[in-house]
Amino acid sequence: MTIINWIISNVLTQAAVVIGLIALLGLALQKKSVGEVLTGTFSTMLGFLVLSAGSAVVQASLTYFGDVFNFGFGLTGTSGALVASIEGINGQAMNELGLGGSIALTLLGIFIVNIILARVTKFKYVFLTGQALLWMSTLTVVGFFFTGLRGPALVIAASILGGIFATMMPAIAQPIMRKIMGSDDIALGHFCTIGYLVAAGVSKVTGDVDHSTEDVKLPESLSFLSDTYVSVWVVMFIFYLVAAIAGGDAGYQYYLESIGSSSSLHWLVACFLQSLQFVVGLYVLMSGVRLLLANIVPAFQGISMKLVPDARPALDCPVTFAYAPNAVIMGFIFTTIGSIIGMFLTMAIPGLPIVIPGVMSNFFAGGTAGVFCNAVGGRRGTIIGCIAHGIFIMLIPAILGPMLAQVGFVNLTVTDVDTALAGMLAMLPGLFG
Amino acid sequence: MFRFRRKEKAAATPQVKEELAIDHDALVKQADDLLAQAETSSADALVDLYNRAGAAFDAAGELDKAIEVYELSFENKREIGPASKALQSLYNKKRQQLAKAGDSEGAMTYLGKMQEIMQVAKDQLRGK
């Protein structure tokens, strides 16, 4: 009993160790050499610790932003501004909220449930996008944690819900994927599918499929997005500046008091440095995520191909980009316009927090929505459908925001709508129970 | 009546096989002719010739040759286009074949190649 208690408190509750054990299992099942197993396990554990370090930096910056914004605009608690960042949600959940171990086990559990469903049902889709699975495992764990589940029950429930989403989201996107790709052999593994289908629905009703986005002359690329982190910083600095100007020096002093600190730095310089800090934290966090998944995801992919060789691989959203590159650019532009409209809507609707849109989410999710819209509604449908998409992907995270704040998230909400909806479904028993 | 139908079916099969073989041979010859033209063509025309040859090999069911030729096209013009789209689909077919044959390492190699193509699409659209 003492040994079991020791294992539980020193192994199974330590997220870095749990994640390392999952990587070790995956590498061992692939019959890697002892050296590769040890190196892979160590680098996975290191990835988790890097992620945690990045999350702490992001959270410190968001504390500044939330305090100054709320002070400047006279807002309180859950009606304040939330930054839409699924990466930040994952970082806080794994680190500050202590859910890392449960999230790691759920990541494994979602993979197992997906494989089982692909084997026994007609929905032969294997979800292979590692980061998306990590975001889904985060939200299902957070949702059931809100409901009151703990321990094995939490992991099992989250795994089943996440596994169902991992199997069914590619399935419901497949009719349009067939139109896009002209074949049925590749599926979409990106947890923004419900948003794409909403956008496509609007596009189909309002558009004209005979006039494609690809017939229009557009710039070949969005070169300002060539450096991800510069793009994110530009957007975040604008919002940080708005908050800083609204709060002024008094807002900055209010923030310093709340963290028990003092500084002689000018409030505008502090704003600039804090916006940089957010991006630095995000960079470190994402480096940790990539390191963490680098050994786990290939293991998942290899095992899934052995167990369900005839399943369609559900791949990340760039798999669609080659089929309608103009639609990707238009999708980004009009989803961004829609998300700005959505942001103003969140300001206007009572009870909703204000949501700050995410640049990279708008590129990937918006771009893919553009491809979906063009497939069913041409360029007119792409414009109208993607504006609707932008509004949709702001309202759903806004609705979830207060519940996330109750769990303990600071100034953050999600981006990917499928994960948001999975989180909401998991929270339902807690809302009515 | 059924025996009559069975005879018709039996008679049709060798003919269908012969027609398919002629189609296959014609397509392979077409692809080889295009590759021969590619050896002496200008840089501008090269990619188009490779793409047409790849499409002919693909239609003939020659998966490995189609991949080889489309890869030549992609090397010459590393961007979103007919070659990248075709390679994505062909790599997936190859991945599936190897997975079903139990060669998971080979299947993973082709999954990696698909992910490389996706990365090129991402980078191009972001101006990298």
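Before reading on, note that the structure itself is shown above.
Nothing here was measured: the structure is a model prediction, and the numbers come from that model. (Residues numbered from 1 in each chain as written. Chains lettered and ligands numbered in written order. Predicted model: local features only at pLDDT ≥ 70, side-chain atom pairs only at ≥ 80, totals over all residues. Heavy atoms only, no water.)

Draft legend 1. The overall build of chain B, seen in detail. When its secondary structure is counted, chain B shows five helices and zero strands. Each helix and strand of chain B, placed in order from N terminus to C terminus, yields the pattern α-α-α-α-α. Counting all 128 residues of chain B, 39% fall into the buried class. If you take every contact in chain B between residues at least 6 apart in sequence, the share linking residues at least 24 apart comes to 47%. Of the roughly 7700 Å² of accessible surface on chain B, a fraction of 51% belongs to carbon and sulfur atoms. (Helix = DSSP H or I, 4+ residues; strand = E, 2+ residues; numbered from the N terminus. Buried < 20%, exposed > 50% of the residue type's maximum accessible area, 1.4 Å probe, protein only. Contact = heavy atoms within 4.5 Å. Areas by Shrake-Rupley, 256 points an atom, 1.4 Å probe, with all protein chains shown as cover.)

Draft legend 2. View of the sheet that holds strand E5 (residues 354-356) of chain A. Residue and element names in this part refer to chain A. An order of E5-E1-E6 is seen for the three strands of this open sheet, with the pairing classed as parallel. Because the sheet does not close on itself, it has two edges, and the strands there are E5 and strand E6 (412-413). Bridging between strand E1 (residues 81-84) and E5 involves three bridges; their strand directions are parallel. Along E5, the bridge assignment pairs Val-83 with Ile-356. (Pairing = 2+ DSSP bridges.)

Draft legend 3. Summary view of the sheet that holds strand E3 (residues 187-188) of chain A. Residues and elements named next belong to chain A. Across the sheet, which stays open at both edges, the three strands sit in the order E2-E4-E3 with parallel pairing between neighbours. If you trace the sheet from one side to the other, it starts and ends with strand E2 (125-127) and E3, each paired once. Examined bridge by bridge, E2 and strand E4 (residues 312-315) share three bridges and lie parallel to one another. Pairing of Phe-127 across the sheet is with Ala-314, part of E4.

Draft legend 4. A look at the side chain of Ser-212 of chain A. Residue and element names in this part refer to chain A. Here Ser-212 shows up in the loop between helix H8 (193-206) and helix H9 (228-258). On the basis of relative accessible area, Ser-212 is assigned to the buried category, the value being 17%. In this structure the side chain of Ser-212 is engaged in a polar contact, spanning 3.0 Å, whose partner is the backbone nitrogen of Glu-214. A distance of 3.3 Å separates a polar atom in the side chain of Ser-212 from a polar atom in the side chain of Asn-374. Residues within four places of Ser-212 in sequence aside, it is in contact with Asn-374, Gly-378 and Arg-379. (Polar contact = N/O pair within 3.5 Å; in protein donor to acceptor, adjacent residues only side chain to side chain.)

Draft legend 5. Molecular detail of the pairing of E1 of chain A. Residue and element names in this part refer to chain A. The alternating pattern of E1 places Ala-81 and Val-83 on one face and Leu-82 and Ala-84 on the opposite face, and all of these are buried. As paired strands, E1 and E6 are joined by two bridges and run parallel to one another. Of the residues in E6, the one forming a bridge with Val-83 is Leu-412.

Draft legend 6. Layout of the interface of chain B and chain A. Listed per partner, the contact involves 25 residues of chain B and 33 residues of chain A. Counting each side, the surface lost to burial between chain B and chain A is near 2500 Å², with a carbon and sulfur contribution of 65%. Where chain B meets chain A, there are zero salt bridges. At the boundary of chain B and chain A, one finds two residue pairs in polar contact (both at pLDDT 80 or more). Counting residues per element, the side of chain B that touches chain A draws most heavily on helix H5 (residues 104-125) of chain B, at eleven residues. Its residues assigned to classes, the side of chain B that touches chain A comprises nine nonpolar, nine polar and seven charged. (Buried area = accessible area lost by both parts, 1.4 Å probe. Salt bridge = Lys/Arg side-chain N within 4 Å of Asp/Glu carboxyl O. Nonpolar A, V, L, I, M, F, W, Y, C, P; charged D, E, K, R; others polar.)

Draft legend 7. Just the pairing of E4 of chain A, in detail. As judged from the two bridges shared by E3 of chain A and E4 of chain A, these two strands associate in the parallel manner. Among the inter-strand pairings, Leu-188 of chain A is bridged to a residue of E4 of chain A, identified as Leu-315 of chain A.

Draft legend 8. Highlighting the packing of helix H7 (residues 151-181) of chain A against helix H12 (residues 359-407) of chain A. Residues and elements named next belong to chain A. For the pair H7 and H12, interaxial distance at closest approach is 9 Å and the crossing angle is 75 degrees. In terms of orientation, H7 and H12 fall into the roughly perpendicular class. Between H7 and H12, the residues in contact are Ala-173, Ile-176, Met-177, Lys-179 and Ile-180 and Val-371, Phe-372, Ala-375 and Val-376, respectively. Each residue belonging to the contact of H7 with H12 can be placed in one class, and the counts come to eight nonpolar, no polar and one charged. (Axes fitted to C-alpha atoms, helices over the stretch in contact; angles between N-to-C directions. Parallel < 35°, antiparallel > 145°, perpendicular 65-115°, else oblique.)

Draft legend 9. Main features of the layout of surface pockets. The space that makes up the largest pocket amounts to roughly 1300 Å³. Taken together, 48 residues line the largest pocket, and the ones lying closest to its centre are Gln-131, Met-286, Asp-316 and Phe-364 of chain A together with Lys-122 of chain B. Only E1, helix H4 (86-94), helix H6 (130-147), H9, helix H10 (267-307) and H12 of chain A together with H5 of chain B provide two or more residues apiece to the lining of the largest pocket. Take the lining of the largest pocket: its biggest share by element is ten residues, from H10 of chain A. (1 Å grid on protein atoms, 1.4 Å probe; cavity = no way out; pocket = protein on both sides within 12 Å on 5 of 7 lines; lining within 4 Å. Points joined across faces, edges and corners; volume = space filled by probe spheres on them.)

Draft legend 10. Just the nonpolar core, in detail. Residues and elements named next belong to chain A. Core analysis: the biggest nonpolar cluster contains 178 residues, and Phe-65, Phe-278 and Phe-363 have the highest contact counts within it. For this core, the element with the most residues is H12, which contributes 21 residues. Excluding residues within four positions of it along the chain, Phe-278 makes contact with Val-58, Ser-61, Leu-62, Val-83, Val-232, Met-236 and Tyr-240. (Core = buried A, V, L, I, M, F, W, Y, C linked by side-chain atoms within 4.5 Å.)

Draft legend 11. Summary view of the environment of Val-18 of chain A. Residues and elements named next belong to chain A. Along the chain, Val-18 falls in helix H2 (residues 15-29). Distance in space between the C-alpha atoms of Val-18 and Ile-8 is 11 Å, their sequence separation being ten residues. Setting aside its immediate chain neighbours within four residues, Val-18 contacts Val-11, Leu-12, Gly-101, Ala-104 and Leu-105.

Draft legend 12. Focus on the packing of aromatic side chains. All names here are of chain A. Applying the stated criterion across every chain yields a total of 20 aromatic pairs over all chains. Each ring, one from Tyr-229 and one from Tyr-283, has its centre 5.1 Å from the other, and the planes form 75 degrees; the classification is edge-to-face. Highlighted residues: Tyr-229 in helix H9 and Tyr-283 in helix H10, separated in sequence by 54 residues. Given the relative accessible area of 18%, Tyr-229 is considered buried. By relative accessible area, which is 46% here, Tyr-283 ends up partly exposed. Following the ring pairs from residue to residue traces out a cluster consisting of Tyr-64, Phe-65, Phe-69, Phe-73, Tyr-240, Tyr-252 and Tyr-255. A cation over an aromatic ring shows up here: Arg-150 above the ring of Phe-145, its NZ or CZ 3.7 Å from the ring centre. (Phe/Tyr/Trp six-rings, centres within 6.5 Å; stacked < 30°, edge-to-face > 60°. Lys NZ or Arg CZ within 6 Å of the ring centre and 35° of its normal.)

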